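Examination of the molecular architecture
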Amino acid sequence: MRYSVAAGRALGALGAVSRGVARVSLATSSRVLQPVVAADTDTIGCRRFRSTSTGYNELARERAKTVTSFYNQSAIDVCAEKPSVRLTPTTMLYSGKSPDGSHVLSSAKYLQMELPVRIAHRVKGFRSLPFIIGCNPTILQVHELYIRAYHMLSDFPPITDLEAEGRYCKLVRQLLDDHKDVVTMLAEGFRESRKHIQDEALIRNFLDTTLTSRLGIRMLATHHIALHEDNPDFVGIICTRLSPKKIIEKWVDFARRLCEHQYGCSPRVRINGHVAARFPFIPLPLDYILPELLKNAMRATMESHLDTPHNAPDLVVTIANNDIDFVIRISDRGGGIPHSILDKVLDYHFTTAEESNQDPRMSNLFGIITNNGPQSGPMHGFGFGLPTSVAYAEYLGGSLTVQSMQGIGTDVYLRLRHIDGKGESFRI
């Protein structure tokens, strides 16, 4: 009996997900369990106990079927064995426009073949998680989103003309919106499951792969949608004359507004180096990474100067450009990262927010700063910011490193490859 109750409780937590799965026909319809009315006899207590137990176990079996259905998707199994075809940004740049609009059809046909394969790979990744973690209700909701997206994309008829392409675009936009909170949901799910995580390397590999794959999928989908727009400085999502200085200034303004909202002031930011540099690049990943790095630097600066907030030292952002890559260094004088946590700041689910909130002068700056990111708050506020930024940088053929001078401050170096430089470019 003890085992049945425990299993029932675990499966009971999956009720919300079960209802979602039913919507996409991933499981058999649940039978409605009718309440049992016990007769007014001497055995009423015993009968009520047996009836309740029977109904409870039957409900648990129904929910178990729903969970099992996540692991019984033969079409996804087949598709997950196919390799993905990753494009270089250069290919996307030079095939992004044509006078007759054929580039839009070509892009749509590529997406129609590629997206189901990449999504099937991610479903396979969810199945590889330890079962007790994979059964977390929040993680199951994300798993369901991917299964649903796979079926919606796979069921779309072949794209042969611009009318069909228009309908496909509408579907892609819908799925992008449906998945906008996936990173936050994953962060919540793994935080809830933290006590069950025994192999942190396995989880880190899963998160690195899932989050970078998600970035790649969103870049490809957003690129296709953007091909319909007439912007002289863009080909899809690729800016042909990207100014690092301008994109840094945009996110500096964003981070400073958050600081000023909490403190009434914020550190000034000086930008130096190759401030006039312009080159082709994709702004989207920078829109994920830069606000996270700037918010961290501003938070550290303000926390270490709580008694003299109006005299907080400046942040310095340096741009270095060359033929192979470009580097953005963000330097703060926020006291550095303590030796005791330096090795942990790049781990998922580690955050210094708890230490910050222990200071009564701090209010809730960290919560405000980290939960109002540019992409509906993904990767912010759950200890996902820095490790996700590292994964994104490496996915783009670059790196993100942290150098701390305890007692002085921290320098963060973001290095990214040019898409048309002398070195080999990354693939999306």
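Residues numbered from 1 in each chain as written. Predicted model: local features only at pLDDT ≥ 70, side-chain atom pairs only at ≥ 80, totals over all residues. Heavy atoms only, no water.

1. Some points on the overall build of the protein chain
As a reminder, the rule being used: What counts as a helix is a DSSP run of H or I of at least four residues, what counts as a strand is a run of E of at least two, and both are numbered from the N terminus. Only protein chains enter the accessibility calculation, which uses a 1.4 Å probe; a residue is then buried when its area is under 20% of its type maximum, exposed when over 50%, and partly exposed in between. Under the convention used here, a 1.4 Å probe and the Shrake-Rupley method define accessible areas, while residue burial counts only the protein chains that appear.
Scanning the protein chain for helices and strands turns up 17 helices and eight strands. Per-residue burial over the protein chain gives 51% buried out of 428 residues. Within the structure as shown, the protein chain displays about 20700 Å² of accessible surface, and the carbon and sulfur contribution to it stands at 52%.

2. With respect to empty space enclosed by the protein
For the record, the criterion: Every definition here rests on a 1 Å grid over the protein atoms only: cavities are sets of points where a 1.4 Å probe fits but cannot get out, pockets are open sets enclosed by protein on both sides within 12 Å along at least five of seven lines, and lining residues have some atom within 4 Å of a point. Grid points are joined across faces, edges and corners, and a volume is the space filled by probe spheres set on the points.
Scanning all chains against the criterion turns up one cavity of 30 Å³ or more. Together, 13 residues line the largest cavity, and Ile119, Leu175, Leu176, His179 and Ile217 are the ones closest to its centre. Within the residue set of the lining of the largest cavity, elements represented by two or more residues are α6 (102–127), α8 (137–154), α9 (162–178) and α11 (200–226). The element contributing the most residues to the lining of the largest cavity is α11, with four residues.

3. Comments concerning helix α13 (residues 283–303)
The cut-off we apply is this: Helix span, expected: 1.5 Å multiplied by one less than the number of residues in the helix.
Across its 21 residues, α13 extends 30 Å between first and last C-alpha, which sits within 8% of the 30 Å expected from 1.5 Å per residue. With 19 of 21 residues buried, α13 lies mostly within the body of the structure.

4. Side note on the pairing of strand β5 (residues 315–321)
The criterion, for reference: Any two strands are treated as partners once DSSP identifies two or more bridges connecting them.
Across the seven residues of β5, five count as buried, placing the element largely inside the fold. Inspection of the sheet shows strand β3 (residues 269–273) paired to β5 by five bridges, in the parallel sense. Paired with isoleucine 271 across the bridge in β5 is valine 317. Judged from the six bridges that link them, β5 and strand β6 (residues 325–332) form a sheet pairing that is antiparallel. When the sheet's bridge partners are listed, isoleucine 319 is paired in β6 with isoleucine 328. From the end of β5 to the start of β6, which pair antiparallel, there are three residues.

5. Observations regarding helix α17 (residues 385–395)
Let me state the cut-off plainly: Contact definition: two residues touch when any of their heavy atoms are within 4.5 Å.
Burial runs high along α17: ten of the eleven residues are buried. Of the positions making up α17, those classed as buried are Gly385, Leu386, Pro387, Thr388, Ser389, Val390, Ala391, Tyr392, Ala393 and Tyr395. Elements in contact with the buried residues of α17: α6, α11, α13, β7 (399–405) and β8 (409–417). One or two positions beyond α17, positive phi appears at glycine 397, with a value near 80°.

6. Looking at the packing of α6 against α9
So the rule is basically this: Helix axes are fitted only over the stretch in contact, all axes being lines through C-alpha atoms; the angle between N-to-C directions runs from 0 to 180 degrees. The labels follow the angle: roughly parallel below 35 degrees, roughly antiparallel above 145, roughly perpendicular from 65 to 115, and oblique for the rest. Definitions for this section: a left-handed crossing has its near helix turned counterclockwise from the far helix by less than a right angle. A right-handed crossing has that turn clockwise. Gly counts as polar in this scheme, as do all residues outside two lists: the nonpolar Ala, Val, Leu, Ile, Met, Phe, Trp, Tyr, Cys and Pro, and the charged Asp, Glu, Lys and Arg.
With their axes 10 Å apart at the nearest point, α6 and α9 run at an angle of 50° to one another. The angle between the axes of α6 and α9 places the two elements in the oblique class. Crossing hand, α6 versus α9: left-handed. Touching Val104, Leu105, Ala108, Leu111, Gln112 and Leu115 of α6 are Leu162, Glu165 and Tyr168, all from α9. Of the residues contributing to the contact of α6 with α9, the split by class is seven nonpolar, one polar and one charged.

7. Description of the packing of α6 against α8
As a packed pair, α6 and α8 sit with axes 9 Å apart at the nearest point and diverge in direction by 155°. Relative to α8, the element α6 is oriented roughly antiparallel. In the crossing of α6 with α8, the sense of the turn from one axis to the other is left-handed. For the pair α6 and α8, contact is made by Leu115, Pro116, Ile119, Ala120, Arg122, Val123, Phe126 and Arg127 and by Ile139, Val142, His143, Tyr146, Ile147, Ala149, Tyr150, Leu153 and Ser154, respectively.

8. Comments concerning the sheet that holds β5
Within a sheet, neighbouring strands are paired by backbone hydrogen bonds and run either parallel or antiparallel to one another. Taken together, the five strands give an open sheet; going across it, the order is β3-β5-β6-β8-β7, and neighbouring strands pair in mixed fashion. Of all the strands in the sheet, the pair left with one neighbour each is β3 and β7. Each strand of the sheet is rotated relative to its neighbour by a mean of 15°, with strand direction disregarded. As judged from the seven bridges shared by β7 and β8, these two strands associate in the antiparallel manner. Bridge pairing in β8 links leucine 400 to leucine 414.

9. Focus: the sheet that holds strand β2 (residues 238–242)
Read across the sheet, three strands follow the order β1-β2-β4 without closing on themselves; strand pairing throughout is antiparallel. Two strands bound the open sheet, and with one partner strand each, they are β1 (234–235) and β4 (279–281). Relative to β4, β2 is paired through two bridges, and the arrangement is antiparallel. Along β4, the bridge assignment pairs leucine 242 with phenylalanine 279. Across the sheet, α13 touches β1, β2 and β4, and the angle it forms with β2 is around 80°.

10. Brief notes about the packing of aromatic side chains
Threshold: Note on aromatic contacts: the rings of Phe and Tyr and the six-membered ring of Trp form a pair at centre separations within 6.5 Å, being stacked when their planes are under 30 degrees apart, edge-to-face when over 60 apart, and tilted otherwise.
In the structure shown here, the tally under the stated rule is ten aromatic pairs. Pairing phenylalanine 126 with tyrosine 146 gives two aromatic rings, centres 5.7 Å apart and planes at 45°, and the pair type is tilted. In this pair, phenylalanine 126 is assigned in helix α6 and tyrosine 146 in helix α8, connecting sequence segments 20 residues apart. In this structure, phenylalanine 126 and tyrosine 146 share a single accessibility class: buried. Measuring from centroid to centroid gives 5.7 Å for phenylalanine 190 and phenylalanine 206, while their planes differ by 50°, and the two rings are tilted. Taken together, the residues span a long stretch of sequence, with phenylalanine 190 in helix α10 (residues 182–192) and phenylalanine 206 in helix α11 at a distance of 16 residues. Looking at phenylalanine 206, the relative accessible area reads 6%, which means it is buried.

Read these as layout, nothing more, since geometry by itself doesn't imply function.
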